[in-house]
Structure formats: structure tokens, C-alpha cells
Protein chains: 2
Amino acid sequence: MLNETMASLSQNCSDCPIRHRAVCARCDADELSRLEEMKYYRTFEAGQTVIWSGDRMDFVGSVVSGIATLTQAMEDGRTQMVGLLLPSDFVGRPGRTGSPYNVVATTDLIMCCFRKKPFESMIERTPHIAHRLLEMTLDELDAAREWMLVLGRKTAREKIASLLAIIARRDAALQLRGTTGPLVFDLPLTREAMADYLGLTLETVSRQMSALKRDGVIELQGKRHVTVPDFDLLLEEAGDDSDGGLLV
Amino acid sequence: MLNETMASLSQNCSDCPIRHRAVCARCDADELSRLEEMKYYRTFEAGQTVIWSGDRMDFVGSVVSGIATLTQAMEDGRTQMVGLLLPSDFVGRPGRTGSPYNVVATTDLIMCCFRKKPFESMIERTPHIAHRLLEMTLDELDAAREWMLVLGRKTAREKIASLLAIIARRDAALQLRGTTGPLVFDLPLTREAMADYLGLTLETVSRQMSALKRDGVIELQGKRHVTVPDFDLLLEEAGDDSDGGLLV
DNA sequence: CGCGCTAGTTGATTTGCGTCAAAGCCCCTG
DNA sequence: CAGGGGCTTTGACGCAAATCAACTAGCGCG
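Residues numbered from 1 in each chain as written. Chains lettered and ligands numbered in written order. Predicted model: local features only at pLDDT ≥ 70, side-chain atom pairs only at ≥ 80, totals over all residues. Heavy atoms only, no water.

- Going by what an unreviewed UniProt entry lists, chain A is known as Transcriptional regulator and is assigned to Rhodosalinus halophilus.

## Focus: the protein's contact with DNA strand C
In step 1: Taken together, 18 residues sit near DNA strand C, with Arg191(A), Ser206(A), Ser210(A), Ala156(B) and Thr204(B) positioned nearest.
In step 2: Here, DNA strand C places atoms within 4 Å of the protein, and 60% of those atoms are sugar or phosphate.
In step 3: Note that a phosphate oxygen of DNA strand C is positioned 3.2 Å from one of the side-chain N or O atoms of Thr201(B).
In step 4: Among the elements of the structure, helix H7 (202-214) of chain A together with helix H7 (202-214) of chain B are those that each provide at least two residues to the surface near DNA strand C.
In step 5: With five residues, H7(A) is the largest single contributor of residues to the surface near DNA strand C.
In step 6: Taken together, the residues of the surface near DNA strand C break down into three nonpolar, seven polar and eight charged. (Near = heavy atom within 4 Å. Polar contact = N/O pair within 3.5 Å; in protein donor to acceptor, adjacent residues only side chain to side chain. Helix = DSSP H or I, 4+ residues; strand = E, 2+ residues; numbered from the N terminus. Nonpolar A, V, L, I, M, F, W, Y, C, P; charged D, E, K, R; others polar.)

## Focus on the sheet that holds strand S6 (residues 90-91) of chain A
Residues and elements named next belong to chain A.
In step 1: Spatial ordering of the open sheet is given by S1-S8-S3-S6, a layout of four strands whose pairing is antiparallel. Two strands close off the open sheet at either side, each with one partner strand: strand S1 (40-44) and S6.
In step 2: Across five bridges, S1 lies against strand S8 (residues 109-115) in antiparallel orientation. Its bridge partner lying in S8, Arg-42 is registered against Met-111.
In step 3: Across the sheet, helix H3 (residues 116-125) touches strand S3 (59-65), S6 and S8, and the angle it forms with S8 is around 70°. (Pairing = 2+ DSSP bridges. Contact = heavy atoms within 4.5 Å. Axes fitted to C-alpha atoms, helices over the stretch in contact; angles between N-to-C directions.)

## Quick notes on the side chain of Thr227(B)
Residues and elements named next belong to chain B.
In step 1: Residue position: Thr-227 is located in strand S11 (residues 225-228).
In step 2: A polar side-chain atom of Thr-227 sits 3.3 Å from a polar atom in the side chain of Gln-221.
In step 3: Setting aside chain neighbours within four positions, we find Thr-227 in contact with Pro-182, Leu-183, Val-184, Ile-218, Glu-219 and Gln-221.

## Overview of the interface of chain B and chain A
In step 1: Contact with chain B, which involves 45 residues of that partner, is made by 44 residues of chain A.
In step 2: Interface area for chain B against chain A, summed over the two sides, is near 4,300 Å², with a carbon-plus-sulfur share of 55%.
In step 3: Looking only at chain B, the three residues that lose the most surface to chain A are Arg145(B), Met148(B) and Arg153(B), adding up to 19% of its buried area.
In step 4: There are ten salt bridges connecting chain B and chain A.
In step 5: Connecting chain B to chain A are 25 residue pairs in polar contact (both at pLDDT 80 or more). (Buried area = accessible area lost by both parts, 1.4 Å probe. Salt bridge = Lys/Arg side-chain N within 4 Å of Asp/Glu carboxyl O.)

Laid out in C-alpha cells, this is it:
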């Protein structure tokens, strides 16, 4: 699993100026230069809304640095996070004009964007990229469906453990380390954001974090800094037989 | 919204022998004949498992008639349905060998299949089809994310209403009728399957169905036959501002 | 230094849904 | 027609998580 994760991430070609695994054109110099001409950058501050649900979206893009969240909301204020956008993740849907989600920057954010029209026509000229985009979308679909199991059937404690396991694994993969030995990382989310991800309240998140700490499953330095002494124990707490997917 | 639904369904080309909107080749006679040679049919009885999670899958296919469910399970027996396969829906992932889900026929089922290898190479030769496949996958991703809101944030009553609204709308669309006036349809799912879909127990599903009936939101003839006198009222019960998506 | 602000923790109480149990309905079959 | 088995309904009870509320930690700032 870890190997798979690393393989997936390494498809982000590090020397490619587009810095996105969907549109990395290392195997096609022509495309590369065409993309170069098209692209532009946008920056957002932490807390800023990148796209409002229902807004017209005339661009697609990928995250260069920072973190953003995809959320859906009901009119009474209840919200559910449906995805996390990390560096190299793609946002925007070729062929649809409106975004069905709110996209909010949780940290300062830099995005690399392409206007939609030229991007779309480029896709049609370049099956290679269309194919890559399909694979990424299928990955996200699998991740979303795995999250449905978490939301529908897991207890609060299992939900927290699942989220921590995903973040820990992603972090280990980025550092090209395995998941043996203690894992150390910083939570990129507030308690409230975790709650929105997990379909819980922030109080419950806080309580379960404390409980996992009390039971020695995790250690906490401050509010955000986490140490996982035994990753397998965490997985067990998550109720995971399968070793979980990437939740994008 | 309804128009969108109908447009989407009508992309299933009725006179195309492949009967699937992803691989309908009406605009390409060459592809059509190549597909014709490749395809074969499989039939399953109600209750039969089409694919076990983790099994090697050497084919892809689409549903010709009947209904199947995609479910994920934890080893202690908790299960969560993550998708519903209706006629014209596609299953199987080009480029991956194992299925991450159990696929179970809930009615007698006929599937039109293609062996994976030739199907994959056909995709590469036919950008048209790859593009269609990407669109369908994006639709499914949107539907999955919408369902995450249902699972994470809605009450039992709202969950039931959401599911009924989706089925009612789909049914109305198939009959090319609007959603004004009373809607009548048969539930294609047992109470237990509904529970698995909604992250509830079957007892809760039963109770909430009774409650919606008592409050005049729905009428029930027998266990499966449902009448919705006022679709807008049902939507309100579902907590839906947006008029909901297609959940595949 | 004290003030105020935000994020997080912890406690008391309520409640919605799960669990366990019993009984009803319907279809099938002998 | 009786009997059995699957699906469904209904009831009683318990518990996990929500809600309401108080309090703490950390941090920037006048």
C-alpha cells in the first residue's frame, strides 16, 4: 500500500513546471510548451474562499502549495467536507460550468490555473492527458466511496483514528519513509475542520483525541503536533482491515 | 434538474446494441463493429454475488437489465453500500485488476461485458469513448460526494426522504414525466438494503418510513409500492435546497 | 502587563438512533 | 388449509454522540 502511495505521488513530476501529475507533460515537449503559455497563478490567503458553490467557474487548476477543502453545505448551516486538496491535486471539471462545492483555502494557497476553454481543447488533442485525468478521477471516486464507509458505519473513535491514519500515511509517503517506527506529523486541520470531515461535532473530536491520547494510541505536543508510536495499533483502532486508501 | 437527468439518461443510445452510454458508438461505425465482436453477456440471479471485493477482475461491463449494488464491508460485518448499478451503468476499472467492492445482484441481472485487455486498447484508440468515460466518472464522483453530505450530516428522517427523492426522480425521468403531480414507484430495495445505503439500521428505516407515512409525506401500498403526493414536500423533508443530484 | 480573542478542552444533560425482543404480514409449499 | 420462513413493523430500553455551558491555553496587541 505504501509503495502504491509513493508510486502515485511520484507521478508528480518534480521538474515539470506545471507541477501536476495530471498535466505533467514530460513525455511530450510540444504539449509542455503549449501548457506553459496557457498557465497563470492565483494566490489566496488562509480562510479565503476560492470558489463558492454554484459560482461560474471558468478555469481549472491544481494546487501548487497550501491546503484547501471542498465542502458542501445545507442551508441551515450544517456542512460536510467532501475532499481535501493538497499540493498536486486538481480542481475543476472540464465540461461543467458551475462548481457544486465551496472551495476554501485553509492555509495560504498558490494555485496554478488554466482557462477552461483552451484546457479542454488541449485535452481533446492529447489523449495521454485525458487518460491520466480519468485515472485520477477514478482514484478520487474510490477514496470518496471509502469515506462513505467511514461516515456511515464507523464510531467516533474509529473515525478519528481513520483520519489520523490517512494523514500519517500521506505524510510518511511524502517524506519517502515507511510506516514502521513512530510517525510524527502536524495536523493540517482545526478540530472543527476535522469534525466537518468526519460528520461529528468539534467537541466529540476533542474528546476522542483526548481518549486516544489517554490510551497511548497517539501522543500530543500542543494541539496540532502528533506522534503515532505504533501505526498498526492506530489502524486497528480505525477498524481497518484493508490498509485504507488515499483519501486524496 | 429534471431536464439534466433526462439528458443524461438519453445519452444511452436506445438503438445501439451495446446499450451503454459510455461505449455507445453510434457516431463511429468502425468502433461499433469492433465492439460487437468483443462483447459477451453474463447473467446472474437475484442475490448472487457478481464480484467479491479483492477478486481479480478481468472484465468490464455495463448493466443491461436488473439492479446491482456496490458495497464495502468491515471484517466485523458492518457494511456500507457505496453505489447502485442500474441499467446502463458501468462497472469495472480500466487499469486496475482487483475490485475494491462487493458487487451483488439484487434482482435478476444481465450484464454486457468486455474482456479488459481489448477494451483498454480500444479506449486508447478511441478518445471519444475515453472522454465519455471521464464524464461518467465525474458524475459518479459528484454523486458520491453528495451522498457524503447525506451520510455525515442528515438525520434518519432526512436520509430516508433523500433516498426516496432520488429514486422518485430517477423513476420520473425514466418515464419521461416531470416531478409535478403525484409520483408512484416501486422501491427496488429491501429495508435492509436501504439501511446499508443510508448508514442506518433496518429498524430505523422502518420506523422513519412509518413516520413519513403517518405525516402524509408518502403513502404506502404494501411494502414496496410508494406514492409521493407532493414532491416538493418530500424535498423539504430531505433538507434539500439544491434539488439533489443523480445518485447514479 | 493586562486585555481580548480564538481554538481547544472538559463537564452535565439530553436525545436520536441502535439493540434486543416479540409479533405481524405475506408468499410458498406440502 | 396449516405450517414455515423471509421480510417488516412495533415496542422497550440503553448508549453514543449532540447540545449547552463553563473554563483553559495560547497569542497578539495596545
